[in-house]
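An overview of the molecular structure
What follows is the residue order along each chain.
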Amino acid sequence: MAGHDFLLISCEHGGNVIPPAYRPLFRAHSALLASHRGHDPGALTLARELAAELRAPLFQSTVSRLLIDLNRSVRHPRLYSEITRDLPDAVRKDILERHYLPYRSKVEAAVADAAGRGLRVVHIASHSFTPVLDGEIRNADVGLLYDPGRPGESALCRAWQAALAELAPGIRVRRNYPYRGTSDGFAAYLRRRFSDSAYVGVELEVNQCQVARDGEDWRRLRRLLIAALRRALAATQSQPRSANDKA
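Scoring rules and cut-offs
Residues numbered from 1 in each chain as written. Predicted model: local features only at pLDDT ≥ 70, side-chain atom pairs only at ≥ 80, totals over all residues. Heavy atoms only, no water. Pairing = 2+ DSSP bridges. Helix = DSSP H or I, 4+ residues; strand = E, 2+ residues; numbered from the N terminus. Axes fitted to C-alpha atoms, helices over the stretch in contact; angles between N-to-C directions. Contact = heavy atoms within 4.5 Å. Buried < 20%, exposed > 50% of the residue type's maximum accessible area, 1.4 Å probe, protein only. Right-handed = clockwise from strand over helix to strand, strands pointing away. Parallel < 35°, antiparallel > 145°, perpendicular 65-115°, else oblique. Left-handed = near helix turned anticlockwise from the far one by under 90°. Nonpolar A, V, L, I, M, F, W, Y, C, P; charged D, E, K, R; others polar. Salt bridge = Lys/Arg side-chain N within 4 Å of Asp/Glu carboxyl O.

1. Re the sheet that holds strand β2 (residues 58-60)
Adjacent strands of a sheet pair through backbone hydrogen bonds, lying either parallel or antiparallel. Taken together, the 6 strands give an open sheet; going across it, the order is β2-β1-β3-β8-β6-β7, and neighbouring strands pair in mixed fashion. Two strands close off the open sheet at either side, each with one partner strand: β2 and β7 (173-175). The average angle at which neighbouring strand axes cross in this sheet is 20°, direction not considered. Pairing of strand β1 (residues 5-11) with strand β3 (residues 120-129) involves 6 bridges; the strand directions are parallel. In the strand pairing of β3, L8 is matched with H123. Against the sheet, helix α2 (residues 43-53) makes contact with β1, β2, β3 and β8 (199-207), and its axis sits at roughly 160° relative to β1, the strand it touches most.

2. Structural notes on the pairing of β8
Judged by how many residues are buried, β8 sits mostly within the fold: 9 of 9 residues are covered. Here β8 shows a buried face lined by Y199, G201, E203, E205 and N207 and a second buried face lined by V200, V202, L204 and V206. Pairing between β3 and β8: 9 bridges, direction parallel. Opposite A125, over in β8, you have E203 as the bridge partner. The sheet contact formed by strand β6 (residues 142-145) and β8 spans 4 bridges and is antiparallel. Opposite G143, over in β8, you have E205 as the bridge partner.

3. Thoughts on unusual backbone geometry
Going from Y177 to P178, the amide bond is cis rather than trans, its omega being 10°. Within the secondary structure layout, P178 lies in the loop between β7 and α5 (186-193). Of note in this structure, R55 is not a glycine but carries a positive phi near 55°. With respect to the helices, strands and loops of the structure, R55 is situated in the loop between α2 and β2. Owing to a relative accessible area of 74%, R55 belongs among the exposed residues under this scheme.

4. Observations concerning the environment of R175
Secondary-structure assignment places R175 in strand β7. Taking the C-alpha atoms as reference points, R175 and V142, 33 residues apart in sequence, are found 8.5 Å from one another. R175 has contacts with L144, Y146, C157, R158 and Q161, leaving out every residue within four places of it along the chain.

5. Some words on the pairing of β6
The alternating pattern of β6 places V142 and L144 and G143 and L145 on opposite faces, both of which are buried. Relative to β7, β6 is paired through 3 bridges, and the arrangement is parallel. Bridge assignment links L144 to a residue of β7, and that residue is R175. The parallel pair β6 and β7, bridged by helix α4 (residues 151-167), forms a crossover whose chirality is right-handed.

6. Focus: the packing of α2 against helix α7 (residues 215-235)
Between α2 and α7, whose axes approach to 10 Å, the crossing angle comes to 45°. Judged on the interaxial angle alone, α7 and α2 are oblique. In the crossing of α2 with α7, the sense of the turn from one axis to the other is right-handed. Packed against α2, whose contacting residues are T45, L46, E49, L50 and E53, the element α7 presents W218, R222, L225, I226, L229 and R230 at the interface. The class makeup of the residues in the contact of α2 with α7 is 6 nonpolar, 1 polar and 4 charged.

7. Thoughts on the pattern of salt bridges
All told, the structure shown has 16 salt bridges when counted by the stated rule. E153 is paired through a salt bridge with R150; the nearest N and O atoms lie 3.4 Å apart. The same class applies to E153 as to R150, namely buried. E216 serves as the salt-bridge partner of R219, at 3.3 Å between the closest nitrogen and oxygen. On the criterion of helical spacing, the pair formed by R219 and E216 is a turn pair, its members being 3 residues apart in helix α7. If you follow the salt bridges from partner to partner, you end up with R150, E153, R191 and D196 in one network.

The values reported here are purely geometric and, on their own, carry no functional implication.
Spelled out as structure tokens, the structure:
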């Protein structure tokens, strides 16, 4: 994109694919794979459109998080699901090295390269959330997750929310809902590696009831999210940085 920001789109939970070597483990879990536990419905469609419309690189994975969760840190207790966490150490290590580390390393390398060229990276991670969890109804159509202690992230999310309110007042947008933006995740990891002046990480969460409507309503929401993000990026464009600035 133009200016001094480098936009990057990612989708960690884009599908529910199980590589052939591990399919026997999931033979009795087809319903679980098809559920929100297996992937984030709609997240990859939205990520692809964000990348195409805003001319940004896209990093995506369609391997199910029930194999390994690319949005968790290596030591997180839910890095592996109940189906894979009790596998032998050597098997879990193989899954980590084949399906987790390559993806994370590519994204991190792209951030480091752009930051090294004096650009501020704006990373939008596309996700979706189940409308009801543990009996609790989630009261939002869109969630924007970020670290309130990082001015760049706070400014972008407030501007994105304001743009959506102007373009589509009926859409319920909440910040740091239905999860806290500072919880364990890929963006949280990257914040520890890069300063606020070098990295802005936002997890975009869309309610899966919006995805389930399919048709024109879902297409319209995607268009609105992209249009509002375009406005927010323009309003919060960073100033030039020296390549010698601390990343």
